[in-house]
Amino acid sequence: MVKTAVLVSGGGTNLQAIIDARIFGEIKNCDLVAVVSSNPEAYALERAKYASIPSYVVDRSVFPNRLSFTKALLEKLLDLEIELVVYAGFNFILGPQFINAFKNKIINIHPSLIPSFCGPGFYGLKVHEAVLSYGVKVTGATAHFATEEADDGPIILQKAVEIFEDDTPLTLQRRVMEEAEWKILPEAISLFCEHRLEVEERVVRIKGVQDE
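These numbers come from a predicted model, not from an experiment.

Criteria and thresholds
Residues numbered from 1 in each chain as written. Predicted model: local features only at pLDDT ≥ 70, side-chain atom pairs only at ≥ 80, totals over all residues. Heavy atoms only, no water. Phe/Tyr/Trp six-rings, centres within 6.5 Å; stacked < 30°, edge-to-face > 60°. Buried < 20%, exposed > 50% of the residue type's maximum accessible area, 1.4 Å probe, protein only. Helix = DSSP H or I, 4+ residues; strand = E, 2+ residues; numbered from the N terminus. Lys NZ or Arg CZ within 6 Å of the ring centre and 35° of its normal. Pairing = 2+ DSSP bridges. Right-handed = clockwise from strand over helix to strand, strands pointing away. Core = buried A, V, L, I, M, F, W, Y, C linked by side-chain atoms within 4.5 Å. Contact = heavy atoms within 4.5 Å.

(A) Expanded view of the packing of aromatic side chains. Scanning all chains against the criterion turns up 9 aromatic pairs. Ring centres of Tyr87 and Phe90 lie 5.2 Å apart, and the angle between their planes is 35 degrees; this geometry places the pair in the tilted category. Each member of the pair, Tyr87 together with Phe90, is buried. Ring centres 6.4 Å apart and planes at 65 degrees place the aromatic pair Phe145 and Phe192 in the edge-to-face group. Within this pair, whereas Phe145 is found in strand β6 (residues 138–145), its partner Phe192 is found in helix α6 (residues 169–193), the two being separated by 47 residues in sequence. These aromatic residues form a ring-pair network of at least three members: Phe63, Phe69, Tyr87, Phe90 and Phe92. Over the ring of Phe164 we find Arg175, and its NZ or CZ is 4.0 Å from the ring centre.

Laid out in structure tokens, this is it:
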């Protein structure tokens, strides 16, 4: 079982998708041992409590800079002997010390088809506002390994979502979550925990069961 921690900052809808997928047996070989929040008021902590998952707070507001916050968060995860880190609505880019400690062991979900509508400034509703403003016909979500650069790591899975003419940023955000994010994030976690992912520079290869 792969000891896994989910990092959160807000409501925890992606965390709930992970919890639900685990309940229904869609995530294999994963020991979800911790939910760690950068925000002591995050509702995600309540979701962890209801699911009987141990939760911890490393409050970003009490640290003077990214370096000190990164160090404290890293120490917490190392103490817990974490083997996989999942960003699920986690709002911070961590420093190189953290990334190097968990190289190709941090999974993030982004609400667009990377490399479109991603990078600095593209988060939350801003992504869907940009998508609609640009007039593209298809959007989606991407599960990828996190690096020091926002939304720049190797891509694990992507899923497309059609855009409707009457979409608003809010309706599109909800549909991308339901049709893409909440499906591919648990799948990416399971693939990692089943040891079926191989990273070759920017390319992630998924091994079939026959390759085990």
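Having put the structure on the table, let's press on.
(B) Quick look at the pairing of strand β2 (residues 30–37). Where burial is concerned, most of β2 is hidden: 7 out of the 8 residues are buried. For strand β1 (residues 2–8) and β2, the ladder comprises 7 bridges, and the chain directions are parallel. Paired with Val2 across the two strands is Cys30, which belongs to β2. Handedness of the crossover is the feature at issue here: the chain leaves β1, passes through helix α1 (residues 13–23), returns alongside β2, and the resulting connection is right-handed. Pairing of β2 with strand β3 (residues 55–57), which is carried by 3 bridges, proceeds in the parallel orientation. Along β3, the bridge assignment pairs Ser37 with Val57.

(C) Spatial organisation of the nonpolar core. Counting residues in each nonpolar core, the largest one holds 41 residues, and the members touching the most others are Val6, Ile18, Leu84, Ile107, Ile156, Ile189 and Phe192. Residue contributions to this core peak at 10 residues, all from α6. Filtering out sequence-adjacent residues up to four positions away, Val6 remains in contact with Leu15, Ile18, Leu32, Ala34, Val35, Val36, Val86 and Ala88. Listed in part, the 22 residues of the second largest apolar core include Leu7, Val36, Phe69 and Tyr87.

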